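Residues per chain, in single letters:
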Amino acid sequence: HKLSYGEFKIIRVASAIIMPLLMLLLLNNPILAIVFAFIGYNIPYQYIKYTANKRVLKMETQVGSFIKIVIERYKLNRDLPKSIVQSLPDFRGQEPFYKELKSAVGDIQIGLPTETVLDNLARSTGSKYLQRFKDYYKISNNIATHEDKVELLNQAFLQFDENRKIKMLLKKEISGPVREAYVMVLAIPIFMAYQSISAEGYLNFMLNTRVGQYGIAGVVTVLLGCIWFINAKIGAPLD
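Residues numbered from 1 in each chain as written. Predicted model: local features only at pLDDT ≥ 70, side-chain atom pairs only at ≥ 80, totals over all residues. Heavy atoms only, no water.

Phe66, Ile67, Ile84, Leu101 and Phe133 are the most contacted members of the largest nonpolar core, which has 32 residues in total. Those elements that place two or more of their residues in this core are α2 (30-77), α3 (80-87), α4 (97-109), α5 (114-125), α6 (128-140) and α7 (146-198). Looking at which element gives the most residues to this core, the answer is α2, with seven residues. If near-sequence neighbours (up to four positions away) are discounted, Phe66 is found in contact with Ile84, Ser87, Phe91, Phe97, Leu101, Leu121 and Leu130. Formed by 13 residues, the second largest nonpolar core is a distinct cluster that contains Ile31, Tyr202, Ala217 and Val220. (Core = buried A, V, L, I, M, F, W, Y, C linked by side-chain atoms within 4.5 Å. Buried < 20%, exposed > 50% of the residue type's maximum accessible area, 1.4 Å probe, protein only. Helix = DSSP H or I, 4+ residues; strand = E, 2+ residues; numbered from the N terminus. Contact = heavy atoms within 4.5 Å.)

As structure tokens, this is what we get:
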């Protein structure tokens, strides 16, 4: 997202004003309005964090494929910059990595050193394995035989692949608790909806009395806190 920090702060403040006003208009609950002022201020950041997590997950797979493809081409043509340029069409349409790789190819074409290009690509993708690939390429300049150079560069992919397998195992193990956590969180609003239908006067008590308004504010705060914790901690990309 091409936002300046100032623009991002303006969006957060605007959201912190609009959300509580909506709560006051819809539910006439000043306690809940205070809660939603805090929530509204944090929603833009949580959205950016969510999209960043999605980008990280996509980028990890694409970077691994890129390292493998470049190594295979380098094995044949013995020219790493040429291998990077030739790999660009293979990633057409595979965002977000294609945009970053296209920028790297442009850097090669204007004559930047390969190490600088790889370093820029590693920083823009946030991949520690691409950073290692760059480091191994720098070391490989002091190695005599081409076969040994390829073997050294391949270590970056082997480390990536080992990490990928470990993450797959951990994600499989943690997927059950994540589902159970969401079910538990979802049970609360379902129970409240059932109470509003089956218990006479429940809605009037929750919406129009001070105790009920405090109760709704507390329930909403706990629910949103649980959802944040699941998304930000349990369901976030594994490192």
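On the surface, Val13, Ile17, Ile18, Leu21, Leu22, Leu24, Leu25 and Leu26 cluster together into a nonpolar patch covering about 780 Å² of accessible area. A relative accessible area of 47% places Leu21 in the partly exposed class. (Patch = residues over 30% accessible without salt bridge, like charges linked within 9 Å, V, L, I, M, F, W, Y side chains within 5 Å. Areas by Shrake-Rupley, 256 points an atom, 1.4 Å probe, with all protein chains shown as cover. Salt bridge = Lys/Arg side-chain N within 4 Å of Asp/Glu carboxyl O.)

This part covers the packing of aromatic side chains. Considering all chains together, one arrives at five aromatic pairs under this definition. Seen from their ring centres, Phe66 and Phe91 are 6.1 Å apart, and the 65° between their planes marks the pair as edge-to-face. Of this pair, Phe66 sits in helix α2 while Phe91 sits in the loop between α3 and α4, and the two are 25 residues apart along the sequence. The burial state of Phe66 is the same as that of Phe91; both residues are buried. Put simply, the rings of Phe66, Phe91 and Phe97 pair up and form one aromatic cluster. One Lys or Arg, Arg12, reaches over the ring of Tyr41 and ends 4.1 Å from the middle of that ring. (Phe/Tyr/Trp six-rings, centres within 6.5 Å; stacked < 30°, edge-to-face > 60°. Lys NZ or Arg CZ within 6 Å of the ring centre and 35° of its normal.)

Before going further, it helps to examine the environment of Glu60. Structurally, Glu60 is set in helix α2. Judged by relative accessible area, which is 27%, Glu60 ranks as partly exposed. Sequence separation between Glu60 and Arg164 is 104 residues; the distance between their C-alpha atoms is 8.7 Å.

Structurally, Gln62 is set in helix α2. Filtering out sequence-adjacent residues up to four positions away, Gln62 remains in contact with Phe91, Gln94, Glu95, Pro96 and Phe97.

Turning our attention to the pattern of salt bridges. For the structure on display, the rule yields 10 salt bridges. The salt bridge partner of Arg55 is Glu100, with a shortest N-O separation of 3.1 Å. Within this pair, whereas Arg55 is found in helix α2, its partner Glu100 is found in helix α4, the two being separated by 45 residues in sequence. Note that Lys68 is salt-bridged to Glu72, the shortest N-O span being 3.6 Å. Of this pair, Lys68 and Glu72 both sit in helix α2, four residues apart, which is roughly one turn of the helix. The class for Lys68 is partly exposed, based on a relative accessible area of 31%. Relative accessible area serves as the criterion here: at 33%, Glu72 is assigned to the partly exposed category. Here the salt bridges share partners, and the residues they tie into one network are Asp119, Arg123, Lys134 and Asp135.

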